[in-house]
Amino acid sequence: MPERLPHVFLSSTFYDLRQVRADIAEFVESGLGYRLMASEYHTFPVEPTVDAVENCRRRVESDADLLILVIGGRYGSIPTGGIKSVTNIEYRAARAKGIPVYAFIHRDVLALLPLYEQNTGGIFAPVVDSPKVLAFISELRASGVWTFPFDLARDVVAALRVQFAYQMSRGLVLSARSHQASPVVRSLAGRAFQLAAEQPRGWEASLFVQVLEDEIEASEPLRLDHEARLVTGVGERVTEDDISSWLVTYTHEAQRLITAMKSAAHASINRGFIEGDVVAIIHGARQIGRLYRDGFEWAARLRRAHVPSDWQTAVLELSTMLDSFLLECRDFTKRAGAEIAKALSAEDCSAELNLTFNFNVPENPAFHAELERIRRKKGFS
């Protein structure tokens, strides 16, 4: 990535927080020399082909390095046909991208949160114009985003001055460690690289899950094609004489894929977790991610094949053989992430971490029923 100034995206309602936004802009641009991205300034990039809401979301996704979120008493405008405010959408885009989020909540609004959580159907005017403001704050705090109370704009600026200094310090440490790291570690990005470089408490499990999650996310187009049962590309031609042995071959391929997945996980645990081998952990997670992709490609090759008409339904049923296993791969990262967070939150460090991965492939009764139908039709013994 070419070197450039940090891009700071400012997200808040406008009219009630105009002065706060102006003071933040002065601090970020004049005080730090960073690039501020605020929609009211003429320097804010605009794509004329999309509406204002979509433009803001795209700017977070493509340009923002971190996001400052300021919440006052207004929920903000909601796009036509939508249910979330523009500020809420910008925040979600930042979280999905994985960039740092600094959230500031007006102290008067924050004081209402305990009352809201006891009675979500209450009326909290005139402090907030909608209970959705408090629902948003509750979501923020539940998601682990650190929130700072403020009364005046100078409170926000003072907190940002310190937090940006911490961010700079972390960046300098990571930069120094990146030059000392192995090529495998340097090939990581974002949260995965941070875990590998800093190695905080519980880093082994966290790194494994993060790398695997990144690998699975990279295969999202394959998953979407698979769920849509999309059939594209050139497929092999299978004759009536060869179809039975051909199906057996594909079934064995699926079984070998599962066996390889078990071996990769076993190696990651033995050499990575137990010995603290960072390269083994990364390699194991990437192997599983590669086999996850292979599962979708295995199914796609089945669907692309040209087989005799009597066998088409059987082939389509066989292509779903790994569906529950592939879903388990995706669900594992979510379950594991929650388990890791729970274990790390234990103050006495005594919590057990139980990461269970189900490698079993269930029976496929629809496939076997179709084979039985073909057998009876053709008079096979």
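All values reported here derive from a predicted model rather than from experimental measurement.

**Q** An account of the overall build of the chain is requested, with residue identities and associated values reported.
**A** Counting secondary structure elements, the chain contains 16 helices and five strands. A buried classification covers 42% of the 381 residues belonging to the chain. Looking at the chain as shown, the accessible area adds up to about 20700 Å², and 54% of this sits on carbon and sulfur atoms. Between the mean site of the 43 positive side-chain charges and the mean site of the 49 negative ones, the chain shows a separation of 1 Å.

**Q** Account for the nonpolar core, with residues named and values stated.
**A** Core analysis: the largest hydrophobic core is formed by 53 residues, its most contacted members being Leu 188, Leu 207, Phe 208, Trp 246, Trp 298, Val 307 and Leu 318. When contributions to this core are tallied by element, the ones reaching two or more residues are helix H9 (190-198), helix H10 (203-218), helix H12 (243-274), helix H13 (278-304), helix H14 (312-318), helix H15 (323-344) and helix H16 (365-378). It is H13 that contributes the most residues to this core, eleven residues altogether. Setting aside its immediate chain neighbours within four residues, Val 307 contacts Val 238, Ile 243, Trp 246, Gln 312 and Val 315.

**Q** An account of the sheet that holds strand E1 (residues 7-11) is requested, with residue identities and associated values reported.
**A** Pairing between the strands of a sheet comes from backbone hydrogen bonds, and it takes one of two forms, parallel or antiparallel. Read across the sheet, five strands follow the order E2-E1-E3-E4-E5 without closing on themselves; strand pairing throughout is parallel. Each edge of the sheet is formed by a strand with only one pairing partner; in this case those strands are strand E2 (35-37) and strand E5 (147-150). Neighbour to neighbour, the strand axes of the sheet diverge by 25° on average, direction disregarded. Direction of pairing for E1 relative to strand E3 (residues 66-71): parallel, over a ladder of four bridges. Paired with Leu 10 across the bridge in E3 is Ile 68. Sheet strands touched by helix H2 (residues 52-63): E1, E2 and E3. Its angle to E1, the strand with the most contacts, is close to 150°. On top of the sheet, helix H3 (residues 86-97) reaches E1, E3 and strand E4 (101-106); it is set at about 150° to E3, its chief contact.

**Q** Now, about the packing of H2 against H3: what can you tell me, with residues and values included?
**A** Interhelical geometry of H2 versus H3 gives an angle of 25° and a closest axis separation of 9 Å. It follows from the interaxial angle that H2 and H3 lie roughly parallel. Remark: the crossing between H2 and H3 carries right-handed chirality. Two secondary-structure elements touch here, H2 through Val 53, Cys 56, Arg 57, Val 60, Glu 61, Ser 62 and Asp 63 and H3 through Val 86, Ile 89, Glu 90, Ala 93, Ala 94 and Lys 97. Its residues assigned to classes, the contact of H2 with H3 shows seven nonpolar, one polar and five charged.

**Q** So what's going on with the layout of surface pockets? Which residues, and what values?
**A** When its volume is computed, the second largest pocket comes out at roughly 330 Å³. Every residue lining the second largest pocket is counted, 22 residues in all, and those nearest its centre are Ser 12, Phe 14, Ser 39, Ser 77 and Val 86. Put simply, the parts of the chain that give the lining of the second largest pocket at least two residues each are E1, H2 and H3. Within the lining of the second largest pocket, the residues separate by chemical class into eleven nonpolar, seven polar and four charged.

**Q** Which residues make up the packing of aromatic side chains, and what values go with them?
**A** On inspection of all chains with the given rule, the structure shows twelve aromatic pairs. Between Tyr 91 and Phe 136, the aromatic rings sit 5.5 Å apart at their centres with planes inclined by 65°, giving edge-to-face as the arrangement. Linking Tyr 91 in helix H3 with Phe 136 in helix H6 (residues 131-142), this pair joins segments that are 45 residues apart in sequence. Classification of Phe 136 by relative accessible area gives buried; the value is 4%.

**Q** Before we move on, could you go through the side chain of His 106 and cite the residues and values that matter?
**A** Its location among the elements puts His 106 in strand E4. When sequence neighbours within four positions are dropped, the list of residues in contact with His 106 reads Ile 71, Gly 72, Phe 150 and Asp 151.

Reading the values: rules and limits
- Residues numbered from 1 in each chain as written.
- Predicted model: local features only at pLDDT ≥ 70, side-chain atom pairs only at ≥ 80, totals over all residues.
- Heavy atoms only, no water.
- Helix = DSSP H or I, 4+ residues; strand = E, 2+ residues; numbered from the N terminus.
- Buried < 20%, exposed > 50% of the residue type's maximum accessible area, 1.4 Å probe, protein only.
- Areas by Shrake-Rupley, 256 points an atom, 1.4 Å probe, with all protein chains shown as cover.
- Lys, Arg positive; Asp, Glu negative; His and termini not counted.
- Charge placed at Lys NZ, Arg CZ, Asp CG, Glu CD.
- Core = buried A, V, L, I, M, F, W, Y, C linked by side-chain atoms within 4.5 Å.
- Contact = heavy atoms within 4.5 Å.
- Pairing = 2+ DSSP bridges.
- Axes fitted to C-alpha atoms, helices over the stretch in contact; angles between N-to-C directions.
- Parallel < 35°, antiparallel > 145°, perpendicular 65-115°, else oblique.
- Left-handed = near helix turned anticlockwise from the far one by under 90°.
- Nonpolar A, V, L, I, M, F, W, Y, C, P; charged D, E, K, R; others polar.
- 1 Å grid on protein atoms, 1.4 Å probe; cavity = no way out; pocket = protein on both sides within 12 Å on 5 of 7 lines; lining within 4 Å.
- Points joined across faces, edges and corners; volume = space filled by probe spheres on them.
- Phe/Tyr/Trp six-rings, centres within 6.5 Å; stacked < 30°, edge-to-face > 60°.

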